[in-house]
Amino acid sequence: MKRRICPECKKRGILVADLYPHGVQCEFCARHVEVDAMFGILSVVLLAVVTVLDFNFWHLNYVGLIAAPLLIINALAYQYINARLMPLKHYKDETSL
């Protein structure tokens, strides 16, 4: 099973399969860890804005031709990308949510 590094204790105690969408407790420090949703949302918004600006105003096209496929890939593999690549945040315990 693939594991990610906990942002608190820096050990591989986060199971990727259980991480998305509600988070999981670290096996070592018992902190509740989840994907930082704000980073994921901002990355999608940024890609969408760059794509629209490039195709409608800048007319460089190569920027849009890079950003548009990244936006489509992100939409198709959203759960995979979030669980494995997006930054993590943590809480002290389950009750602090």
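Okay, so let's go over this structure.

Time to look at the pattern of salt bridges. Enumeration according to the criterion identifies three salt bridges in this entry. The shortest N-O distance in the salt bridge between Lys-89 and Glu-34 comes to 3.7 Å. On the criterion of sequence distance, the pair formed by Lys-89 in strand 5 (residues 88-91) and Glu-34 in strand 4 (residues 32-35) is long-range, its members being 55 residues apart. Here Lys-89 falls in the partly exposed class, since its relative accessible area comes to 29%.

This part covers the sheet that holds strand 4. Read from one edge to the other, the open sheet built from three strands follows the order 3-4-5, with strand pairing classed as antiparallel. Where the open sheet ends on each side, the last strands, each with one partner, are strand 3 (24-25) and strand 5. Bridging between strand 4 and strand 5 involves four bridges; their strand directions are antiparallel. Across the sheet, Glu-34 pairs through a bridge with Lys-89, a residue of strand 5.

Right, let's talk about the environment of Asp-36 for a bit. Considering the arrangement of structural elements, one finds Asp-36 in the loop between strand 4 and helix 2 (37-58). In this structure Asp-36 comes out as partly exposed when scored by relative accessible area, which is 24%. Linking Asp-36 and Lys-89, residues 53 residues apart in sequence, is a C-alpha distance of 5.6 Å. Those residues within four positions of Asp-36 in sequence are excluded, and the remaining contacts are Pro-87, Leu-88 and Lys-89.

As for its placement among the helices and strands, Asp-54 is situated in helix 2. Of the side chains with opposite charge, Arg-4 comes closest to the buried, unpaired Asp-54, at an N-O distance of 29 Å. With sequence-adjacent residues up to four places away left out, Asp-54 is seen in contact with His-59, Leu-60, Asn-61, Tyr-62, Val-63, Gly-64 and Leu-65.

In this section: the state of the cysteines. The tally for this structure, following the rule as stated, stands at zero disulfides. With no disulfide of its own, Cys-6 lies 3.6 Å from the sulfur of Cys-29, the closest cysteine sulfur.

At a minimum axis distance of 8 Å, the contact between helix 2 and helix 3 (residues 62-76) shows a crossing angle of 145 degrees. Where helix 2 crosses over helix 3, the two elements pack in a sense that is left-handed. Of the residues in helix 3, those touching helix 2 at Ser-43, Val-44, Leu-47, Ala-48, Val-50, Thr-51, Asp-54 and Phe-55 are Tyr-62, Val-63, Gly-64, Leu-65, Ala-67, Ala-68, Leu-70, Leu-71 and Asn-74.

A word on the environment of Met-1. Examined against the element boundaries, Met-1 turns out to sit in the segment before strand 1 (3-5). Met-1 sits in the exposed class, given a relative accessible area of 84%. Once the C-alpha coordinates of Met-1 and Lys-89 are considered, the two residues, 88 residues apart in sequence, prove to be 21 Å apart.

The rules we used
Residues numbered from 1 in each chain as written. Predicted model: local features only at pLDDT ≥ 70, side-chain atom pairs only at ≥ 80, totals over all residues. Heavy atoms only, no water. Salt bridge = Lys/Arg side-chain N within 4 Å of Asp/Glu carboxyl O. Helix = DSSP H or I, 4+ residues; strand = E, 2+ residues; numbered from the N terminus. Buried < 20%, exposed > 50% of the residue type's maximum accessible area, 1.4 Å probe, protein only. Pairing = 2+ DSSP bridges. Contact = heavy atoms within 4.5 Å. Lys, Arg positive; Asp, Glu negative; His and termini not counted. Disulfide = S-S within 2.5 Å. Axes fitted to C-alpha atoms, helices over the stretch in contact; angles between N-to-C directions. Left-handed = near helix turned anticlockwise from the far one by under 90°.

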